[in-house]
Amino acid sequence: MPAPIPEDLQKKVAERLAFYQDLGIAPFYRDRPAETAFREEQPAQSPESTIRSAQIPHEEPTLPKTLRKPDLQKLALALPKIAPLPTAPAPSLFDSADKVADDTLLKVREDLGECTRCKLHKHRHTIVFGDGSPKAELVFVGEGPGADEDAQGLPFVGRAGKLLTQMIEAMGLQRKDVYICNVVKCRPPENRTPEDDEVGTCSPFLFRQLDVIAPKVIVCLGAVAAKTLLKTNRGISQFRGQWLDYRSSKLMATYHPAYLLRNPNAKGEVWKDLQKVMALLGLHAKKGKPA
Ligand code: SF4
């Protein structure tokens, strides 16, 4: 007789299953671990890839070693060509001429200080700088903190954050494997869109964060993040899901999780975008498999 599953775990599993179903991932089997099931359904691997797979640690705090291997370039080349790929011009502030050679996230945070550089400081409780691995190969950039983030000082911890966490885990990662931050570090009143002067004042700190981390991939969550990094006024629908360039990183713009909460039908589009990111990084979904 198996031990009863705790109620909180049951709830978590139910939420996760609903999330996967929203993405069109099915079916699920109750009589074997999903991870095992997924592994069994993979096509036969070469001896080399089998060895590589065996070397991937499950609970390491950083991305699997395979993500750092040169064969990532082969994977990138194998992706469908999307032309032309616009290249983001260098940011106007803190650009390469001003780049601090030995900059660190700690220095960026110290320089930010108890910032009052723009009017968003007036109503904030906490500066939300960023969270995750400083060596992340994948960085998510959102728009700005909401009420929960303002209260806790961490990015993406409210309802939208919960959805982002589910997406990250669906990609076979954990939050600690990636880095998450926003364009503006203080909550705009009533969660309004940050204004141009606020973005212009705060974004140099984002640029420095990205320079320090130098991720392989940046995922822009929503139009504000994409327009800020790409220096464009084009609507996100014109370039969502396409590979773009931001300095030495590949950039993928997709919808903000808050938008997905209002428009659940768009989850599938976002999942397709994230699958492109997974392909570039050599990631495999940990659980389940698209039907
Ligand atoms: S949003 Fe950025 S620039 Fe404005 S007060 Fe906050 S930390 Fe400073």
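This text follows the structure it describes.
Residues numbered from 1 in each chain as written. Predicted model: local features only at pLDDT ≥ 70, side-chain atom pairs only at ≥ 80, totals over all residues. Heavy atoms only, no water.

Asks: I'd like to hear about the site of the ligand, residue by residue, with values.
Replies: Around the ligand, the neighbouring residues are L112, C115, R117, C118, L120, H121, R124, K185, C186, T201 and C202. When its residues are assigned to classes, the shell around the ligand shows six nonpolar, two polar and three charged. (Near = heavy atom within 4 Å. Nonpolar A, V, L, I, M, F, W, Y, C, P; charged D, E, K, R; others polar.)

Asks: Any details on the sheet that holds strand β2 (residues 138-142)? Residues and values, ideally.
Replies: Strand order in the open sheet formed by six strands is β1-β3-β2-β4-β6-β5, with mixed pairing between adjacent strands. Of all strands in the sheet, those bounded by a partner on one side alone are β1 (131-132) and β5 (243-246). Inspection of the sheet shows strand β4 (residues 217-221) paired to strand β6 (residues 249-254) by five bridges, in the parallel sense. Looking across to β6, one finds that I218 is bridged to L251. Of the strands in this sheet, β2, β3 (179-182), β4 and β5 are in contact with helix α8 (residues 196-213), which crosses β3 at around 165 degrees. Packed on one face of the sheet, helix α9 (residues 223-230) meets β2, β4, β5 and β6 and runs near 130 degrees to β4. (Pairing = 2+ DSSP bridges. Helix = DSSP H or I, 4+ residues; strand = E, 2+ residues; numbered from the N terminus. Contact = heavy atoms within 4.5 Å. Axes fitted to C-alpha atoms, helices over the stretch in contact; angles between N-to-C directions.)

Asks: Any details on the packing of α8 against α9? Residues and values, ideally.
Replies: Interhelical geometry of α8 versus α9 gives an angle of 75 degrees and a closest axis separation of 11 Å. Compared by their axis directions, α8 and α9 come out roughly perpendicular. Where α8 abuts α9, its residues V199, S203, L206, F207 and L210 lie against V224, T228 and L229. A per-class count over the contact of α8 with α9 returns six nonpolar, two polar and no charged. (Parallel < 35°, antiparallel > 145°, perpendicular 65-115°, else oblique.)

Asks: Which residues make up the nonpolar core, and what values go with them?
Replies: For soluble globular proteins, the rule of thumb is that nonpolar side chains tend to be buried together. Counting 36 residues, the largest nonpolar core has V141, Y179, V183, L210, C220, L229 and L251 as the members making the most contacts within it. Among the elements of the structure, α5 (105-112), β2, β3, α8, β4, α9, β5 and β6 are those that each provide at least two residues to this core. (Core = buried A, V, L, I, M, F, W, Y, C linked by side-chain atoms within 4.5 Å. Buried < 20%, exposed > 50% of the residue type's maximum accessible area, 1.4 Å probe, protein only.)

Asks: Could you give an account of the pairing of β2, naming the residues involved and the relevant values?
Replies: The element β2 is largely enclosed, with a buried count of five among its five residues. Judged by which residues are buried, β2 turns out to be covered on both faces: L138, F140 and G142 on one side and V139 and V141 on the other are all buried. In this structure, β2 lies alongside β4, joined through four bridges in parallel fashion. Bridging from a neighbouring strand, V139 pairs with I218 of β4. As judged from the four bridges shared by β2 and β3, these two strands associate in the parallel manner. Paired with V139 across the bridge in β3 is Y179.

Asks: Give a description of helix α7 (residues 159-170) that names residues and reports values.
Replies: Here α7 contains twelve residues, and its C-alpha end-to-end distance of 17 Å stays within 8% of the 16 Å for a straight helix at 1.5 Å per residue. Of the positions making up α7, those classed as buried are A160, G161, L163, L164, T165, Q166, M167, I168 and A170. Where α7 ends, the next residue or the one after it, G172, has phi of about 90 degrees, a positive value. (Expected span 1.5 Å × (residues − 1).)

Asks: Would you mind going over the packing of aromatic side chains in detail, with residue names and values included?
Replies: Scanning all chains against the criterion turns up one aromatic pair. On the numbers, 4.7 Å between centres and 35 degrees between planes, the contact of Y255 with Y259 is tilted. When its relative accessible area of 18% is taken as the criterion, Y255 is described as buried. Across from the ring centre of F129, 5.9 Å away, lies the NZ or CZ of K185, which sits over that ring. (Phe/Tyr/Trp six-rings, centres within 6.5 Å; stacked < 30°, edge-to-face > 60°. Lys NZ or Arg CZ within 6 Å of the ring centre and 35° of its normal.)

Asks: Which residues make up the pattern of salt bridges, and what values go with them?
Replies: Taken as a whole and assessed by the stated rule, the structure comprises 16 salt bridges. Two residues, R208 and D103, come together in a salt bridge whose shortest N-O distance is 2.8 Å. Residue R208 is found in helix α8, and its partner D103 is found in the loop between α4 (71-78) and α5; the two are separated by 105 residues along the sequence. Note on D103: relative accessible area 14%, which makes it buried. Ionic pairing is found between D273 and R240, a salt bridge with its closest N-O pair at 2.7 Å. You can see D273 sitting in helix α11 (residues 267-281) and its partner R240 sitting in the loop between α9 and β5, a full 33 residues away along the chain. Here D273 and R240 have matching classes, each one buried. Ionic contacts of the salt-bridge type, sharing partners, join the residues K119, R192, E195, D197 and E198 into one network. (Salt bridge = Lys/Arg side-chain N within 4 Å of Asp/Glu carboxyl O.)

Worth remembering: the numbers are spatial, not functional.
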